[in-house]
Amino acid sequence: MKITVDRKIFQEAVKKVIAEKKAALPILTNFLLKAENGRLVIQGTDLEVFTTYWINADVEEEGAVCVNAKKLTDISKVLPSTEVSLSLEKSNLKIVSGKTKYSIPTVDPNDFPTFESFPSDLAVSISGSTLLNGITKTVYAASKDESRFALNGVCFSFVDNHIDFVATDGHRLALYKGEITGKGVEGKHIVPQKALSEVKKLVSEYEDVEIAISGSSIFFKGGDWMLSARLLEGIFPDYTQVIPTTFNIQVEVSKNEIIDSVKRVVVAEESDAKPIKLTLKENKLIVSTPTSEDTFAEDEIDIDYEGEEFEIGFNGKYIIEAIDEIEDSRVLMKFINKDSQTVIVPKDENEPYLAVVMPMSI
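What comes next concerns the included structure. (Residues numbered from 1 in each chain as written. Predicted model: local features only at pLDDT ≥ 70, side-chain atom pairs only at ≥ 80, totals over all residues. Heavy atoms only, no water.)

**Thoughts on the sheet that holds strand S19 (residues 275-281)**
Taking strand neighbours across the sheet as the criterion, the four strands line up as S21-S20-S19-S22 in an open arrangement whose pairing is antiparallel. With one partner strand each, in any of the chains shown, strand S21 (298-302) and strand S22 (310-315) form the two edges of the open sheet. When the angles between neighbouring strand axes are averaged without regard to direction, this sheet yields 20 degrees. Summarising the sheet, S19 and strand S20 (residues 284-288) pair through five bridges and their orientation is antiparallel. Paired with Lys-277 across the bridge in S20 is Ser-288. (Pairing = 2+ DSSP bridges. Helix = DSSP H or I, 4+ residues; strand = E, 2+ residues; numbered from the N terminus. Axes fitted to C-alpha atoms, helices over the stretch in contact; angles between N-to-C directions.)

**Focus on the nonpolar core**
Counting 95 residues, the largest nonpolar core has Phe-10, Leu-33, Leu-40, Leu-131, Phe-156, Phe-220 and Ile-344 as the members making the most contacts within it. Every residue in contact with Leu-131, bar those within four places of it in the chain, is listed here: Ile-126, Phe-156, Phe-165, Val-199, Val-203, Val-209, Ile-211 and Phe-220. Among the nonpolar cores identified, the runner-up in size contains 16 residues, and Leu-151, Leu-232, Ile-243 and Val-356 belong to it. (Core = buried A, V, L, I, M, F, W, Y, C linked by side-chain atoms within 4.5 Å. Buried < 20%, exposed > 50% of the residue type's maximum accessible area, 1.4 Å probe, protein only. Contact = heavy atoms within 4.5 Å.)

**Describing the packing of helix H1 (residues 7-15) against helix H2 (residues 69-77)**
It is the contact of H1 with H2, at a shortest axis distance of 9 Å, that shows an interaxial angle of 145 degrees. Between H1 and H2 lies a crossing whose hand is left-handed. The segment H1 lies against H2, with Phe-10, Gln-11 and Val-14 engaging Leu-72, Thr-73, Ser-76 and Lys-77. (Left-handed = near helix turned anticlockwise from the far one by under 90°.)

**Details of the packing of aromatic side chains**
The way to describe two aromatic rings as a pair is by their centre distance and the angle between their planes. The final tally for this structure, using the stated rule, is seven aromatic pairs. A ring pair is formed by Phe-112 and Phe-115, whose centres lie 6.0 Å apart and whose planes are at 20 degrees; its orientation type is stacked. With a centroid separation of 6.1 Å and 80 degrees between ring planes, the pair formed by Phe-156 and Phe-220 is classed as edge-to-face. Separated by 64 residues along the polypeptide, Phe-156 in strand S11 (residues 153-159) and Phe-220 in strand S16 (residues 217-221) bring together distant segments of the chain. Each member of the pair, Phe-156 together with Phe-220, is buried. Through successive ring pairs, a cluster of aromatic residues spans Phe-156, Phe-158, Phe-165 and Phe-220. (Phe/Tyr/Trp six-rings, centres within 6.5 Å; stacked < 30°, edge-to-face > 60°.)

Any functional reading would require information that these geometric values do not contain.
Below, the structure written as structure tokens:
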């Protein structure tokens, strides 16, 4: 193996490939580097997520080596010259950049886990921006409770020419709708949060991404990268049954005003639940802490409302997180009664985001 690569591109590449820092299998702390077909291919895995990234390279001699991922990443950060040469000498990888030289040990590349090929015949295509939005605007609502296994990820629900990204922890739900092309994938598939975090590192909003399902794995493929991950087992709940369609009260608020108001109030709360009370009165929305608490906080927002007085309690953190993902400056809050779920959506109907938050007793 003997190649030359651009330093900046090489630095970015090694940052985007996953590897274990400490592992029961020492081979997982390594990257597999392959010089082939005019490019350098970098692979890493923790056996749950498999990432592959490739960059253009001047390949003088093809070959493959396994090197410690952390050591290679740390070295890449301090290389001085615009070009980096990598070559295998005996059992060490020699790295040269300008007047700086390194020699680091390698391990047998044949010991590295085998990666599955991307199943192109089973793929659909989605824009990078839609994929990023779908992940970012829903993953916050996924459960952190490991006992609720099927809720620990984001459900990708493929129907005809669109995809629903859905996450819920049983107390709240987030939904984002996106368009896809192709018909290679259908049904509901639960993608773990760790895999989605790695996808966000790889995908560019300006590229199209292919998504495929094969067996118990999901695959993502961009212009210069590929990721595969094991899907979560279990049955994701029928989220369409959780989203109400009729309401008794609807108010419009400024996104920034409601978030700032809730933040002013929850700062006075000591409990993790961050309980708040929303009170609708004539032309005003009052945000307050429960009156039973020793410490009290209250804030007021001017709104257009002429109905009867209405009170409902929430976890303040849930309200902030649900509204924070809305891009529109105006937000609609839709209520049924104090004991039923509330729906929060952008006023702009072209923004395909929806949040559901369950009330709490206060």
